[in-house]
Every structure is written in structure tokens, then in C-alpha cells.
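# Residue-level structural notes
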Amino acid sequence: MSEDSEDKKHEFPLWEELYQEREIESLPWFNPELDDDLENALNGLGLRGGSAVDLGTGPGTQAIHLARRGFDVTATDISEAAIRLASEKAQKQGLEITWEQDDILDTRLDRQFDLIFDRGCFHVLEPERRLDYVRVVSDLLKPGGYLFLKCFSRLQPGEEGPYRFTPEQIRKIFVGRLSVLSIKETVYQGTLDPLPRALFCAMRREG
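Rules used in this analysis
Residues numbered from 1 in each chain as written. Predicted model: local features only at pLDDT ≥ 70, side-chain atom pairs only at ≥ 80, totals over all residues. Heavy atoms only, no water. Helix = DSSP H or I, 4+ residues; strand = E, 2+ residues; numbered from the N terminus. Rg over C-alpha atoms; globule rule 2.2 N^0.38 Å. Buried < 20%, exposed > 50% of the residue type's maximum accessible area, 1.4 Å probe, protein only. Contact = heavy atoms within 4.5 Å. Areas by Shrake-Rupley, 256 points an atom, 1.4 Å probe, with all protein chains shown as cover. Lys, Arg positive; Asp, Glu negative; His and termini not counted. Charge placed at Lys NZ, Arg CZ, Asp CG, Glu CD. pLDDT = per-residue confidence, 0-100. Pairing = 2+ DSSP bridges. Right-handed = clockwise from strand over helix to strand, strands pointing away. Salt bridge = Lys/Arg side-chain N within 4 Å of Asp/Glu carboxyl O. Core = buried A, V, L, I, M, F, W, Y, C linked by side-chain atoms within 4.5 Å. Axes fitted to C-alpha atoms, helices over the stretch in contact; angles between N-to-C directions. Arc of directions from axis to C-beta.

### So, the overall build of the chain
A tally of helices and strands in the chain yields six helices and seven strands. Ordered by position from N to C terminus, the α and β elements of the chain give α-α-β-α-β-α-β-β-α-β-α-β-β. What you see for the chain is a C-alpha radius of gyration of 16 Å, in line with the 17 Å of a compact globule of 207 residues. Overall, the chain is about 50 × 45 × 30 Å in size when its C-alpha atoms are taken along their principal axes. Expressed as a percentage of its 207 residues, the buried residues of the chain come to 51%. Excluding contacts between residues fewer than 6 apart, the proportion of contacts in the chain whose partners are at least 24 apart in sequence is 71%. Accessible surface computed for the chain: about 10,000 Å², of which carbon and sulfur atoms make up 47%. Each charge sign in the chain was given a centre, from 26 positive and 38 negative side chains, and these centres are 5 Å apart.

### A word on the environment of R171
Along the chain, R171 falls in helix 6 (residues 167-174). Residues R171 and L181 lie ten residues apart in sequence; the distance between their C-alpha atoms is 9.9 Å.

### Quick word on unusual backbone geometry
With an omega of 5°, the peptide bond running from D193 to P194 counts as cis. Assignment of secondary structure puts P194 in the loop between strand 6 (179-187) and strand 7 (197-204).

### Considering the confidence of the model for the chain
Confidence in the prediction for the chain averages 92 pLDDT; 91% of positions are at 70 or higher. Low pLDDT, under 50, characterises residues 1-5; the predicted model gives this stretch seven contacts beyond four residues in sequence or across chains.

### So, the pairing of strand 2 (residues 71-77)
The two faces of the sheet receive side chains in turn, since in a regular strand these alternate between them. Counting buried residues along strand 2, six of its seven residues qualify, which places the element largely inside the surrounding structure. Pairing geometry for strand 1 (residues 50-55) and strand 2, over six bridges, is parallel. Bridge pairing in strand 2 places L55 opposite T76. For the segment spanning strand 2, helix 4 (residues 80-92) and strand 3 (residues 98-101), crossover handedness is right-handed.

### Here's the deal with the pattern of salt bridges
With the rule as written, the count across this model stands at eleven salt bridges. Between R129 and D132 there is a salt bridge whose closest N-O contact spans 2.7 Å. A single network of salt bridges, built from pairs that share partners, joins D35, D37, R119, K150 and K184.

### Here we look at the nonpolar core
Ranked by internal contacts, the top residues of the largest apolar core, which has 29 residues, are I104, F122, Y133, L147, L149, I170 and F174. Counting only elements with at least two residues in this core, the list comes to strand 1, strand 4 (113-118), helix 5 (130-140), strand 5 (141-152), helix 6 and strand 7. When residues in this core are grouped by element, the largest group, five residues, is from helix 5. Look past the residues within four positions of L147 in its chain and what remains in contact with it is I116, Y133, V137, L141, F174, L178, C201, A202 and M203. Grouped together as the second largest cluster of nonpolar side chains are 25 residues, L38, V73, A75 and A202 included.

### Considering the sheet that holds strand 1
Strand order in the open sheet formed by seven strands is 3-2-1-4-5-7-6, with mixed pairing between adjacent strands. Two strands lie at the open edges of the sheet, namely strand 3 and strand 6, each paired on one side alone. On average, each strand axis in the sheet is tilted by 15° relative to the strand beside it, whichever way the strands run. Packed onto the sheet, helix 3 (residues 61-68) meets strand 1, strand 2, strand 3 and strand 4 and runs at close to 170° relative to strand 2. Together, strand 1, strand 4 and strand 5 form the strand contacts of helix 5, whose direction differs from that of strand 5 by roughly 135°.

### Looking at helix 3
When you tally the buried positions in helix 3, you get seven out of eight residues, the bulk of the element. Of the residues making up helix 3, those classed as buried are T61, Q62, A63, I64, H65, L66 and A67. Tucked into the core, helix 3 has its buried residues touching helix 2 (36-45), strand 1, strand 2, helix 4, strand 3 and strand 4. Residue G70 follows helix 3 closely and has a positive phi angle near 105°.

### Side note on helix 6
All buried positions along helix 6 are accounted for by P167, Q169, I170, I173 and F174. Taken end-on, helix 6 shows its buried residues confined to a sector of 160°, consistent with a single buried face. Opposite its buried face, helix 6 presents the exposed residues E168 and K172, each directed more than 90 degrees away. In this fold, the buried residues of helix 6 make contact with helix 5, strand 5, strand 6 and strand 7. Downstream of helix 6 by a residue or two, G176 has a phi angle that is positive, lying close to 90°.

Pasting the structure below:
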């Protein structure tokens, strides 16, 4: 795949219609468990609490697991239907999570957090908005705060769906704003078979 091909415009569903019309459990990114790579990162860094954002929460499963682990969680998604369905699920489990319909590129979040997890937002943004994302997300992190980012890897065949990235591209996009601690090749847990190839990136805001 050429360097330019990943910047060709990708087509994505209307997220609001998707969450209104599809069974949540059938969505390709549905994972009822805490993301394996996030769990390993939290355990490895000894992160057991603090304020966290689940960015592009979708089905809300990751926000729910973070809340169970003791985090003060804010979960955001551009889809109002996704937020409504996920909040209903959390309420039934007696979990306190702040649910916000929000566009990260025009965010209404007005405080800083210890941790941000994104397993589906960044890699569907248009290329020209990526640096806006980096600016907004870095500003939402407290000094010393972590961004854990999962995105499609350039090793994933084809060009359908999310944009693909190499580790070098991630470093180039985030340079100057966040320190990249690690990038590992992994898979994107969900309902697809085989599971898509992915990158899991751990970054920190210094200072």
C-alpha cells in the first residue's frame, strides 16, 4: 500500500442511525470484556484509579469495566443513541458513569483527566483533522496523564473501514504534544473473524 493511499477518503456509516438500527452485540467493535491491551497497560503501570475518559464509547463496555476497576469515568460518543443505550446498561448495573454526547473535535469537556482511552474514534477521523484531535486530546490530559489509543494497523489487509497506521505515522502525528511510550502490534477485539490487525499505543503528557 502506498503512503498516499491511506489518505484517500474512507466512507463511514451514520453513527446515529447505526446505533438506532443495529443490535449492539452485532457491531464489529463490540467487545464485552475490558480490552486486553488496555488491561495489560493499566496493570503494568499500576493505574488503579483516577479520572478517565472512554472516547467514542459506543456500546459502553470499556467505560463500564473502567468504572468497575475504580475509575471516575466520563464516556463520550458522537451518537446520542449509543450514549442512551450504554447509560441504561450501566444504570442497571448500579454504576455511576458520566455519559456525554460529544464530538471530540468540538468538545464540550471542560476539565482534565488522568487517562483517556480511544479504541475507535481516532482511526475514523479524516486525515486533515488528526492534528486537531491531537491538540484537543493532549489539552484534556493532566500533566503526567496517559492516552491509550487502539487503531487499525497498516498490516490489516484492504482499505475498507478505518484508516490504517504504521508506528512511524503515529509517532509523527503525536510528536511535540505527547510522548510515545510504546506501540505494539496487536488485534482489535470484536465480532469479526479473523480479528483485524491493530496498533495499541501508550502515550503520556509530560510536564
